[in-house]
Amino acid sequence: MKEKTLHIGIFGMGTVGTGVVEFLMRKKGKVGNFHFSIEKVVVKNPKKKRDIFLPAGVLSFNPRDILNNPKIDTVIEVIGGYHPAGELVLESLEKGKNVITANKAILAASGDKIFQKALENNCYLGVRASNIAAYRLIESLINSPSQIEKITGIFNGTCNYILTGMEKKNKDLSHLLKEAQTMGYAEANPAEDINGQDTAHKLIVLLGITLGHFPSTQSIYVEGITNITLQDVIYAKELGYRIKLLAIAQREENSLEARVHPALIPDDRWLARLEGVENGLEIRDEAGLEIGMQAPGAGKYPTATAIIEDLICVAQGKKLLLPAQNSPLNLKSIGEVETKYYLKFYAIDKAGVLARIANILGEHDISIESVIQKGKEDKKGNIVPIIMLTHYSQEKNIQKALEEIKKLPVIKKDPLLIRVEEGVF
Ligand code: HSE
């Protein structure tokens, strides 16, 4: 078999870019029958100290050294963020270069345009590194002969690291976020990790490649982990659950439910047992067939490996196509979701309080599965947390009930709601 060489330009040499260069250098530019030659690496900051020594003439500060170089056939974009990454990706495709990107933010914001540009210019567009919890399933997602009905995933390594750390190390969110940053898991702007946006971007990319169109971030419900406390993780554990940041998409005929939020999962389920930076994805198709994949959700080498897998696809001459456009689906609002709920109220510890809360829930057709009243979290005062697990209820009823409950004089803080997801394997 004739050996093929790809000539590569890399935009960005942060954690992931360094991982790609290190991988290719370790392999002496050869993986299988293919050669990968790094022609240029373009970085923004010439003064930044780098961990890696590039051959003379490879490092550049001018994007034109990649864009206008006819020898470069394949571009890897690992800058992250919207600008200039989005423009560089589009221009590379316009110039007929294959593009591999780890950038879920630009794919979520402009996936339709970017894929269209790749198709028009007959280029490969590699998106595996945009969601490394799912990357080995990307082709089966695109080529699935049967309709995908449900996707449930843990898509953010930083959040899973934080939630697991709360349980195992008894540390709080801000402390664990700093650790995740040190490990190279978090985004340049870590707010995107903990506010759920990064997970939403990854869900949108998966929906884009399975459905053929990318819903906007604004059209799906997104809630991060910032309201989850160490106490909630402990209470959930006592009740037999673990808290995970989930991305869920479920299709029913012409409607689509897409949401990102923390959720309690029964602790014997596979997704509940993914710890630290480990992420996972489970998919159910229309015939009920379930498949899953587990992988580290962040980090230098796991992300670099996903990029290398796309490089091999380019070398093999594969074309990544979007599925045929489906008829548009109506996105359900969060109020239409029906699930179980974990509710936490902070109330004055006196006779009749529980009954008043239960009464309001009952008036909104919400049935309670279990209740626990905990001791005071703070030694002063007379306020106690009350935890309730509901049976399946419609979210709009829950929201209305919580609005009424929080106005009761005996309630001292806004109630907390965490959805409970039992339909995972
Ligand atoms: N910040 C992301 C995460 C990196 O923690 O999952 C991988 O996309």
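Conventions used here
Numbering of residues begins from 1 in every chain and follows the order in which that chain's sequence is written. Whole-chain, interface and lining totals are the exception, using all residues; otherwise, since this is a predicted model, local features are given only for residues with pLDDT of at least 70 and side-chain atom pairs are given and counted only at 80 or more. Only hydrogens and water are removed before side-chain values are computed, so all heavy atoms of the structure are retained for them. Domain borders in the structure are assigned automatically or taken from a domain database. It only takes one pair of heavy atoms within 4.5 Å for two residues to be counted as in contact. Throughout, the accessible surface (probe 1.4 Å) given up by two parts as they are put together, summed over both, is called the buried area. Within this document, salt bridges are pairs made up of a side-chain nitrogen of Lys or Arg and a carboxyl oxygen of Asp or Glu, the two lying within 4 Å of each other. Every helix listed is a DSSP run of H or I at least four residues long, and every strand listed is a run of E at least two residues long, numbered separately from the N terminus. Amino acids outside the nonpolar list (Ala, Val, Leu, Ile, Met, Phe, Trp, Tyr, Cys, Pro) and the charged list (Asp, Glu, Lys, Arg) are all regarded as polar, and Gly is one of them. Burial classification: accessible surface area is computed with a 1.4 Å probe over protein chains only, and a residue below 20% of its type maximum counts as buried, one above 50% as exposed, and the rest as partly exposed. When we say a residue is near a molecule or strand, we mean one of its heavy atoms is within 4 Å of it. Pairs of N or O atoms within 3.5 Å make up the polar contacts considered here, provided that, within protein, one atom can donate a hydrogen while the other can accept it, and that residues adjacent in sequence are counted only when both atoms are side-chain atoms. Each accessible area value is a Shrake-Rupley result obtained with a 1.4 Å probe; residue values ignore everything except the protein chains displayed when judging cover. In this description, strands pair whenever DSSP reports at least two bridges between them.

Colleague: Help me understand the domain arrangement of the chain, please; the structure alone is not making it clear to me.
Modeller: Interface size is often expressed as the accessible area that is lost when the parts come together. We note that the domain assignment places domain 1 (4-126), domain 2 (134-296 + 320-332) and domain 3 (335-420) within the chain. Between domain 2 and domain 3, the C-alpha centre-to-centre distance is 26 Å. On the domain 3 side, the residues contacting the 19 residues of domain 2 number 16 residues. Here domain 2 meets domain 3 over a buried area of about 1500 Å², counting both sides, of which 63% is carbon and sulfur. For the domain 2 face of the interface with domain 3, the top three residues by lost area are Tyr235, Leu239 and Leu264, together amounting to 37%. At the junction of domain 2 and domain 3, the tally comes to 2 salt bridges. The partner of Lys344 in a salt bridge is Asp232, with the nearest N and O atoms 2.9 Å apart. When residues in the side of domain 2 that touches domain 3 are grouped by element, the largest group, 6 residues, is from strand S11 (residues 255-266). Taken together, the residues of the side of domain 2 that touches domain 3 sort by class into 9 nonpolar, 4 polar and 6 charged.

Colleague: Would you mind going over the pattern of salt bridges with me for this structure?
Modeller: Side chains bearing opposite charge may pair, as long as their charged atoms lie close to each other. Scanning the model with the defined rule gives 30 salt bridges in all. Among the salt bridges present, the one from Glu179 reaches Lys171, with a minimum N-O distance of 2.7 Å. Its relative accessible area of 26% is what places Lys171 among the partly exposed residues. One continuous salt-bridge network, built from bridges that share partners, spans Arg128, Arg136, Glu139, Glu309, Asp310 and Lys318.

Colleague: How do you make sense of the site of the ligand when you look at a structure like this?
Modeller: In the vicinity of the ligand, 13 residues are found, and the nearest of them are Lys104, Gly157, Thr158, Glu187 and Asp193. Take Gly157: an N or O atom from its main chain is 2.8 Å from an oxygen atom of the ligand. Interatomic distance of 2.6 Å between a side-chain N/O atom of Thr158 and an oxygen atom of the ligand. Bound to the protein, the ligand loses 93% of the 250 Å² it would expose on its own.

Colleague: Got a minute to help me understand the pairing of strand S1 (residues 4-11) in this structure?
Modeller: Two faces, one strand: in a regular strand the side chains alternate between the faces of the sheet. Among the 8 residues in S1, 6 count as buried, and that is most of the element. In this structure, S1 lies alongside strand S3 (residues 34-42), joined through 8 bridges in parallel fashion. For Leu6, the partnering residue across the bridge sits in S3 and is Phe36. In terms of strand pairing, S1 meets strand S5 (residues 74-77) through 4 bridges, oriented parallel. Bridge assignment links Ile10 to a residue of S5, and that residue is Ile76.

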